[in-house]
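# Topology and contacts: notes
Here is how the chains run, residue by residue.
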Amino acid sequence: MASVSATTQGFEVRPIGRGLGSEVTGIDLATASDTTLAELAALYRQGSVLVLRGQDLTPEQLTRFGRALGPLEDHTREQFTLPGYPTIYILSNKEVDGRRIGVHRDGMGWHTDGSYLANPLDTTVLYALESPPVGADTLLADMREAFEALPLEQRDALREKQVLHSFVHLIGNLDPEARSVVTAEQRERAPDVIHPLVLPRADGTENFYLSSGSTKEILGQDPEEGRQLVRDLIVHATQERFIYRHRWKVGDVLVWNNRQTMHRATEYDDKKYQRLVYRLWIAGTGGLGA
């Protein structure tokens, strides 16, 4: 692929990594036609990550873009959603009338959104309304590159592994500042589930499906030994050579495939700077390994 290429809609595309995704410039999501949004969705599906810079979106325009990628998913912790918009989740350290308006310090460890769901999330979309000038980067790890870098014999052994994921286990591992409590309704909506450790892809390749927070155990192994194996694989998969680092600017939209990547947030000076990011989730449309 060339370093920069033009699409039929006139915007420019720059590849990210070796097939990980694309960064797009020269497009306004707020006024984009349905045809243009469909073309962007198709471009995104060629890889695992899509970056769009310089956007200025209302909640309605953001959700319109999200729906072009697939059906929107309501968030499990609805207390942190934007009033009137159950599909928009707020990530922020801001407080209004002494109450935090969103979740702060969420996602600091390597993980995959929605891994605790029976039908795991397809895609996450983040949109930055306020962002620190330094820090608060989002890191994305290419799970295909990481899996293919292992010796063949090790890959064969890992294909047989099944992992028990738990929403309750995830919330119990969150930073205390997340101020998260699992309600009885949330517990009922998200029972423990089992997913394979390695997923096939449509093009015949494979990738890891890893998440630190929700992993309760690997079936057939001592629970702590299973969690240690997952931790060891995450250390392997998050080497610098597999990472895309997104340095945020106000107006950025970052999109990633949760079934093909792993991600984490990074620190910033939350006493000096404010951060406000909206998050959308795109529902999964098929079981893992299908």
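Residues numbered from 1 in each chain as written. Predicted model: local features only at pLDDT ≥ 70, side-chain atom pairs only at ≥ 80, totals over all residues. Heavy atoms only, no water.

Another point: the packing of helix α1 (residues 34-45) against helix α2 (residues 59-69). Think of two packed helices as two axes; the pair is described by the angle between the axes and how far apart they sit. Running from amino to carboxyl end, α1 crosses α2 at an angle of 55°, the nearest separation of the two axes being 9 Å. Taken together, α1 and α2 sit at an angle that is classed as oblique. Crossing handedness for the pair α1 and α2: right-handed. For the pair formed by α1 and α2, the contact residues are D34, L37, L40, A41, Y44 and R45 on the first element and R64, F65, A68 and L69 on the second. Residues belonging to the contact of α1 with α2 are distributed by class as follows: seven nonpolar, no polar and three charged. (Axes fitted to C-alpha atoms, helices over the stretch in contact; angles between N-to-C directions. Helix = DSSP H or I, 4+ residues; strand = E, 2+ residues; numbered from the N terminus. Parallel < 35°, antiparallel > 145°, perpendicular 65-115°, else oblique. Left-handed = near helix turned anticlockwise from the far one by under 90°. Contact = heavy atoms within 4.5 Å. Nonpolar A, V, L, I, M, F, W, Y, C, P; charged D, E, K, R; others polar.)

Strand order in the open sheet formed by three strands is β16-β10-β18, and the pairing between neighbours is antiparallel. Sheet topology places β16 (243-246) and β18 (261-265) at the edges, where each strand pairs with a single neighbour. Taking the axes of each pair of neighbouring strands and ignoring which way they run, one obtains an average angle of 20° across the sheet. The pairing of strand β10 (residues 138-142) with β16 spans four bridges and is antiparallel. Each residue of the ladder has a partner; that of A141, found in β16, is I243. (Pairing = 2+ DSSP bridges.)

The next subject is the packing of aromatic side chains. Scanning the entire structure with this criterion turns up three aromatic pairs. Measuring from centroid to centroid gives 6.4 Å for F80 and Y89, while their planes differ by 85°, and the two rings are edge-to-face. The class of F80 is buried, set by a relative accessible area of 8%. Looking at Y89, the relative accessible area reads 1%, which means it is buried. Plain terms: the ring middles of F147 and F208 are 5.2 Å apart, the flat faces sit at 85° to each other, and that makes the pair edge-to-face. With F147 in helix α3 (residues 143-148) and F208 in strand β14 (residues 206-208), this pair connects stretches of sequence that are 61 residues apart. On the basis of relative accessibility, which here comes to 1%, the residue F147 falls in the buried class. (Phe/Tyr/Trp six-rings, centres within 6.5 Å; stacked < 30°, edge-to-face > 60°. Buried < 20%, exposed > 50% of the residue type's maximum accessible area, 1.4 Å probe, protein only.)

Don't take any of this as a statement about function, it's just geometry.
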